[in-house]
Each structure stands twice: as C-alpha cells, then as structure tokens.
Amino acid sequence: MAELRPSGAPGPTAPPAPVPTAPPAFASLFPPGLHAIYGECRRLYPDQPNPLQVTAIVKYWFTGTDGPSGFGFELTFRLKRETGESAPPTWPAELMQGLARYVFQSENTFCSGDHVSWHSPLDNSESRIQHMLLTEDPQMQPVQTPFGVVTFLQIVGVCTEELHSAQQWNGQGILELLRTVPVAGGPWLITDMRRGETIFEIDPHLQQERVDKGIETDGSNLSGVSAKCAWDDLSRPPEDDEDSRSICIGTQPRRLSGKDTEQIRETLRRGLEINSKPVLPPINPQRQNGLAHDRAP
C-alpha cells in the first residue's frame, strides 16, 4: 500500500507518470484508477503483459472503482522467490488486503516511514520476519488518474529487533540500513522470509553504532504507541508491598483512595468512548494476530 492522500493533497516531488492510452474495449474492462496502475506495472515489467492477479471476495481498492476513495496510494510488496518456486504465493495478497481493510474501516492512512507491529510471521511460518515498515516504492512512479495522483507504498518485512530500533529512532533510518545490506533488502528492499539474522547480527558493530548515533542526534519521531491494559479490584487489600494495587511513595506503600480510583475509572471510560474507531482485523478468521499501527509525524 502506498501513502493514501486525498485528491487535493500536495503531490510528490517526482512528476506523475502519464496515464497510458488503451483501446476502448480494454479500457471498459477496468475502472479508470486501476487502468492507470496497470499501465505503470506494464512500464516497469514489460515482459509480464498478463501477470497473475489475486483478489479477495471483498476488494479494497484505494484508487476506487466507481469513484475516488480519497486515499491516493496503493501498496506494493517485493518478495524473494524460494528455490524451486514456479508460481508466486498468495499470502502477500491476503496481507495487503488486511492492511487495506484496516485503512478503510479506521480511516487511518499510512505514510512512508510508518511501521506496523504484526507480532506474527507474515507468511504464517516460523520466520523471524514478523513486522513491517512502509516506504515509497523505489521503482514505481506516482501516476495521474482521473481521480488524482496515486503514489505507491512498499511493505518491507522486518525482524522484531529491527522494529524496536525503528521505534526508538525512526523508520526511514532503519530502511536506509536495510538498503545497505543485500541479504536484508538491498536497494529494492526485497523481503526474504527465510532471513535468519537481523542487520545487527549480520554487522553487529556498524549497524548498532549507526542506530545509536541516529537516536542521539535525531531522537525518535514516534507519535503513537501500543499498550496492553489490565484491571484489578482495588477494594481488596494488597498482598504485599510489591502488589500492583499499591502505589509506593518513598518507602511506604499507599493504597489508592476512592477518589483516585473513581478518577482513573472515569478517565478510562472517556478514553474508550473517544477512541471508538475499529482496530485492525486479522488477515483471515483463522489468524488472531494483533496489529498496532504506529504513526510517525
């Protein structure tokens, strides 16, 4: 998925590719937005005039079919082919449909540099690639459609340690490191689901030093976090000094007062009412993965 932008948002610095022309019979088969995207794919892959297409029963097209969606981006994904593989797997299509469904249901958009905490191998295997970074596609140029400019955001699979570094520093910094390590992505940021080492294990000193220096000079641009919350009965006396229902002031544990408890309960209630947008659903009913979409400003 690429960055979703409303039609009136400023366009990218690169000039949009022109909408390719096609015979009327061909154009009538596809919505205008998809026609422009297919044209860009044919420009980049001229030897694949009729590539394999996998779609879901309920389709989420950011470019719109009968009209503009208002998002202005599409997702892409580059996957390393397995040895002996003669046809591409279909799980990347399910992955992108899951992300697209989240965007449509929550109305939250993705931008270059964002990271997605997936907490499960992207292909349902035992892979260490369990999270995603998003960046501008290094090859596919923005295209002009009847509904406005469409850009392309590429999904890049990363390990947990690389995700944490992106959270502590920023996504673009980690993406630049991945580009310098061929087996971890290279210039086209190709995801290898069989990659068994992080960039910090491949090059322990150089990569960590660059991250540490980046954190020191740039800080972190993370503006959202994910957390797990639990509720406990504060009416019961704490079992010991380390009980979570006690708040320690100095060396003396102090029970929460009834007023404090009510203020906390009321604050949580208001927060739940305000934050009523739906969370990202799993890719399919069999998978119950949670996903936190952390936005960079």
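So, how was this worked out
Residues numbered from 1 in each chain as written. Predicted model: local features only at pLDDT ≥ 70, side-chain atom pairs only at ≥ 80, totals over all residues. Heavy atoms only, no water. Salt bridge = Lys/Arg side-chain N within 4 Å of Asp/Glu carboxyl O. Helix = DSSP H or I, 4+ residues; strand = E, 2+ residues; numbered from the N terminus. Buried < 20%, exposed > 50% of the residue type's maximum accessible area, 1.4 Å probe, protein only. Arc of directions from axis to C-beta. Contact = heavy atoms within 4.5 Å. Core = buried A, V, L, I, M, F, W, Y, C linked by side-chain atoms within 4.5 Å. Phe/Tyr/Trp six-rings, centres within 6.5 Å; stacked < 30°, edge-to-face > 60°. pLDDT = per-residue confidence, 0-100. Axes fitted to C-alpha atoms, helices over the stretch in contact; angles between N-to-C directions. Parallel < 35°, antiparallel > 145°, perpendicular 65-115°, else oblique. Left-handed = near helix turned anticlockwise from the far one by under 90°. Nonpolar A, V, L, I, M, F, W, Y, C, P; charged D, E, K, R; others polar.

Opposite charge on two side chains permits them to pair, given that their charged atoms come into close proximity. Overall, the coordinates contain nine salt bridges when judged by the stated rule. Two residues, R194 and D123, come together in a salt bridge whose shortest N-O distance is 3.3 Å. Taken as a pair, R194 in the loop between α5 (171-180) and α6 (199-202) and D123 in the loop between β2 (115-117) and β3 (131-136) lie far apart in primary sequence, 71 residues in all. Residue R128 is joined to E201 by a salt bridge in which the shortest nitrogen-to-oxygen separation is 2.9 Å. With a gap of 73 residues between them, R128 in the loop between β2 and β3 and E201 in helix α6 connect regions that are remote in the sequence. For R128, a relative accessible area of 27% corresponds to the partly exposed category. A relative accessible area of 38% places E201 in the partly exposed class. Salt bridges here are not isolated pairs; linked through shared partners, they connect E82, D123 and R194.

A separate point is helix α4 (residues 160-168). Along α4, the positions that sit buried rather than exposed are E162, L163, S165 and A166. The arc enclosing the buried residues of α4, seen along the axis, measures out at 160°, which places them on a common side. On its buried side, α4 packs onto β2, β3, β5 (148-158), α5, α6 and α7 (204-218).

Counting 20 residues, the largest nonpolar core has L99, F110, L122 and M132 as its most contacted members. Secondary-structure elements contributing two or more residues to this core are β1 (73-77), α3 (91-106), β3 and β5. Broken down by element, the residue count for this core peaks at five residues, all from α3. With 16 residues, the next largest nonpolar core counts I174, L178, V181 and I199 among its residues.

It is worth spelling out the packing of aromatic side chains at this point. Using the criterion set out here, one finds three aromatic pairs in the structure. Where F71 meets F104, the ring centres are 5.1 Å apart and the plane angle is 80°; that geometry is what we call edge-to-face. Here the residue F71 occupies a position in the loop between α2 (32-44) and β1, and F104 occupies one in helix α3, the gap between them amounting to 33 residues.

What follows is about the environment of P32. On the secondary structure map, P32 appears in helix α2. In this structure, the C-alpha to C-alpha distance between P32 and T145, residues 113 residues apart in sequence, is 6.9 Å.

This part is about the confidence of the model for the protein. The predicted model of the protein averages 76 in pLDDT, with 63% of residues at 70 or higher. Looking at the elements of the protein, mean pLDDT is at its lowest for helix α1 (residues 24-27), recorded as 47, and at its highest for β3, recorded as 97. The low-confidence segment residues 1-13 (pLDDT under 50) makes 49 contacts with residues lying over four places distant or belonging to another chain. Within the model, pLDDT remains below 50 along residues 22-27, and this stretch shows three contacts once partners closer than five positions in the same chain are excluded.

Right, let's talk about the packing of α5 against α7 for a bit. The contact between α5 and α7 brings their axes to 11 Å, and the two run at 160°. The pairing of α5 with α7 is recorded here as roughly antiparallel in orientation. The hand of the α5/α7 crossing is right-handed. Contacts between α5 and α7 involve I174, L177 and T180 from the former and Q207, R210 and V211 from the latter. Along the lines of polarity and charge, the residues of the contact of α5 with α7 split into three nonpolar, two polar and one charged.

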